[in-house]
Amino acid sequence: MQFPFAPREKHGESLDAFDAKISKWYEQHLARKLRGQYESAALQLSQVIQENLSAPFRIASVRVEGATNTRSSFLGSLIRPSLHSSSDSPSNLGSVLHTSRGISHLLQKADIFQSIETVIERPRDAPSSTSDVDIVFKVRERGRLFLNTSTELGNNEGNAAATGRLRNVFGGAEVFEANVSFGTKTRRSFRATFTSPLTSSLGTYGELTAFNLERDNSSFASCTEGLRGIKAIVRNGTLPYGVHELAYEGVLRHIGGLTPTASIGMREAAGQTFKSSLSHSFVIDSRNDRLMPTKGHYAKVFNEFAGLGGDASFYKCELEGQISRPVIGGTPIHWEGTVIGPLEQASFRISPSSLTGHSRLTCGSMLDA
């Protein structure tokens, strides 16, 4: 072995500095050697697998170890479809690897496991000559409970909030999340959401939300506003290819606490109203970044029909889009547009500028102050 350094006392180099250089060189040499051995072993393993893809193998069983808080029936609903689909193909090493990869992808998609390790081994009680194998997934579950508190001060407003999340509530990848906040403008706010997968492919989710808030609008609308309601959602798809969302919403709104400066229109709108509506939205998003995209596009189509009981009756259509493309020098340029279609004039009557908006804090016809 030849060292790249030699002590040169004429330059005043100490033996300690020389030893440090030798140690650093040795560590780098050892790291290169280990990396080369690892790459060589990985290449040999890949060649062995490629040469034996058609070797006869059959899946005897699939086990998931370490899923202490997850129902076996839920895991079975994820695994069985992959086993049924693999039974239609030739039983060999290639099909075993394909099946294990598909099951591993579903376990990761469930978002309840922190780590997943796949092991293919022979059954414990099978003779050595058999072609049966077991697929074992050694998993580590994510933490179930998350709590967070925060306070915010600024813009003449302050609030305190607490958020709690419980993962894998009933052992089937369900998530329950609740948020409560108190403040000066939004006096009280509560929101609880329960989400659960509806299909074994984890492509469709159901969501049930209950909410309640009380907001002080006296600075711009001379009133207070209270909202209580529920919302049920069925969601399917992924953003790059499109997400469909079908929802029902029932909201009880109360406008009160009128000040002496409240307008006639606001006084007419005071009291309780109830909205019962069905809505559908479709969103497709291929942007590389939601805040500062440089390429991709975003499109959203939203339709809502209210009139299934209650006081509100209207149809609303919203179209929203964005295109991002790089131009000279890589500087991105964005085109955005939003269209809101026919609405009931009195759907929302309050906004900071005393305007009738079709959604909160947007513009419409002028109200007399």
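Residues numbered from 1 in each chain as written. Predicted model: local features only at pLDDT ≥ 70, side-chain atom pairs only at ≥ 80, totals over all residues. Heavy atoms only, no water.

As for the nonpolar core
Piece 1. Formed by 19 residues in total, the largest nonpolar core has its most connected members in Val62, Leu107, Phe113 and Phe137.
Piece 2. Elements that contribute at least two residues to this core include exactly strand E1 (58-65), helix H2 (72-87), helix H3 (93-109) and strand E3 (132-141).
Piece 3. With near-sequence residues (within four places) excluded, phenylalanine 113 lies in contact with Ala67, Thr70, Leu75, Leu107, Val139, Arg140, Glu141 and Arg142.
Piece 4. With five residues, the next largest nonpolar core counts Phe220, Cys223, Ile255 and Met266 among its residues. (Core = buried A, V, L, I, M, F, W, Y, C linked by side-chain atoms within 4.5 Å. Buried < 20%, exposed > 50% of the residue type's maximum accessible area, 1.4 Å probe, protein only. Helix = DSSP H or I, 4+ residues; strand = E, 2+ residues; numbered from the N terminus. Contact = heavy atoms within 4.5 Å.)

Thoughts on the side chain of threonine 99
Piece 1. Within the secondary structure, threonine 99 sits in helix H3.
Piece 2. Not counting residues within four places of it along the chain, the set of residues in contact with threonine 99 comprises Ile59, Ser82, Leu83 and Ser86.

Thoughts on the pattern of salt bridges
Piece 1. This structure, assessed with the given rule, holds 19 salt bridges.
Piece 2. The salt bridge involving glutamate 207 is made with arginine 235; its shortest N-O contact spans 3.4 Å. Note that glutamate 207 is positioned in strand E8 (residues 204-216) and arginine 235 in strand E9 (residues 224-238), a separation of 28 residues in sequence.
Piece 3. Measuring nitrogen to oxygen at the nearest pair gives 3.5 Å for the salt bridge that ties lysine 316 to glutamate 304. Residue lysine 316 is located in strand E13 (residues 314-326), and its partner glutamate 304 is located in strand E12 (residues 296-310); the two are separated by twelve residues in the primary sequence. Each member of the pair, lysine 316 as well as glutamate 304, is classed as buried.
Piece 4. Salt bridges sharing common partners tie together Glu249, Lys275, Glu304, Lys316 and Glu318. (Salt bridge = Lys/Arg side-chain N within 4 Å of Asp/Glu carboxyl O.)

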